[in-house]
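What follows is each chain in one-letter form.
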Amino acid sequence: EVVGAVWYLSAMYLCMPVIYVFLRTKKDLFVWVAAPLLTLFLYGYIHKAYGGFGIGTIWIGFCYGGVIFAAAGLLCGCFCFGVSEWLRRQRLTKFSCILISFLDMGTFIVCLILMQIRPDGAINATMAFLFAVVVTASFSGKSYTTNFFNRFCNRALIRKFSIAVYLCHGRVELILTKYFP
């Protein structure tokens, strides 16, 4: 049996060298033009051709679907990082920061609710977009929510704990749904 999270990480490692070359040579063109267009194309292709994003272990002719999905996720992350870096350099009013904080937490809560009400807990296009919004708002440094967690939480402990949670979340979800249906 293939563990989805481990396969996804492996697929990301396969895609990173190609994306890294483009980031090093033509960063602005890649982040602002190529990454968002390729993200939309790849997510659209996966959704149209396979009806959803659960294609990690499906052989699609030249690679597993997880490699394409991972590439789309990395490209989306490149664009989100570019937007969050741009936001970080902007001088925003307190009201704007409050709005970003509500957007950050509200979108995160909506993602959690959507994952719970979906029968299979799988990610879809709506959730991928919402995750992109959360990542952008969180990494911009303008959200009071993120600043609160950065100030009062032990980040070293959270970093060590987060990879374990990510790699084991499938098993934890099975246990929770078994005992708390």
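As a reminder, the structure under discussion sits directly above these lines.
If you're wondering where the values come from, they're calculated on a predicted model, not measured in any experiment.

Reading the values: rules and limits
The numbering scheme is per chain: residues are counted from 1 as the chain's sequence reads. At least 70 in pLDDT is required for a residue's local features to be given in this predicted model, at least 80 for side-chain atom pairs to be given and counted, and no such filter applies to totals for whole chains, interfaces and linings, which use all residues. Only hydrogens and water are removed before side-chain values are computed, so all heavy atoms of the structure are retained for them. Centre distance within 6.5 Å is the pairing criterion for rings of Phe, Tyr and Trp, where only the six-membered ring of Trp is used; planes under 30 degrees apart are then read as stacked, over 60 as edge-to-face, and the remainder as tilted. Three labels apply to residues, based on accessible area from a 1.4 Å probe with only protein chains included: buried if under 20% of the type maximum, exposed if over 50%, partly exposed otherwise in between. Secondary structure counts use DSSP, requiring at least four H or I residues in a row for a helix and at least two E residues in a row for a strand, with both numbered from the N terminus. The definition of a polar contact used here is a pair of N or O atoms within 3.5 Å, where within protein one atom must be able to donate a hydrogen and the other to accept one, and adjacent residues in sequence count solely through side-chain atom pairs. Any two residues having at least one pair of non-hydrogen atoms within 4.5 Å are treated as being in contact. The bend at a residue is defined as the angle formed between two axes, one fitted to the seven residues ending at that residue and one fitted to the seven starting there.

Asker: Describe the packing of aromatic side chains, listing the residues and the values that go with them.
Answerer: Scanning all chains against the criterion turns up four aromatic pairs. Relative to Phe 30, the ring of Phe 22 has its centre 6.0 Å away and its plane inclined at 5°; by these criteria the two rings are stacked. Owing to a relative accessible area of 6%, Phe 30 belongs among the buried residues under this scheme. Ring centres of Trp 32 and Phe 79 lie 6.0 Å apart, and the angle between their planes is 85°; this geometry places the pair in the edge-to-face category. Within this pair, whereas Trp 32 is found in helix α2 (residues 27–50), its partner Phe 79 is found in helix α3 (residues 65–89), the two being separated by 47 residues in sequence.

Asker: Which residues make up the side chain of Ser 84, and what values do they have?
Answerer: Assignment of secondary structure puts Ser 84 in helix α3. Polar side-chain contacts of Ser 84 include one of 2.9 Å to the backbone oxygen of Phe 81. Those residues within four positions of Ser 84 in sequence are excluded, and the remaining contacts are Thr 136, Phe 139 and Ser 140.

Asker: How would you explain α2 if you had to name every residue and give the values?
Answerer: Of all the bends in α2, the greatest reaches close to 40° and is centred on Ala 34; the proline Pro 36 follows between one and four positions later. Taken together, the buried positions of α2 are Phe 30, Val 31, Ala 35, Pro 36, Thr 39, Leu 42, Tyr 43 and Ile 46. Backbone geometry just downstream of α2 places Gly 51 in the positive-phi region, at approximately 75°.

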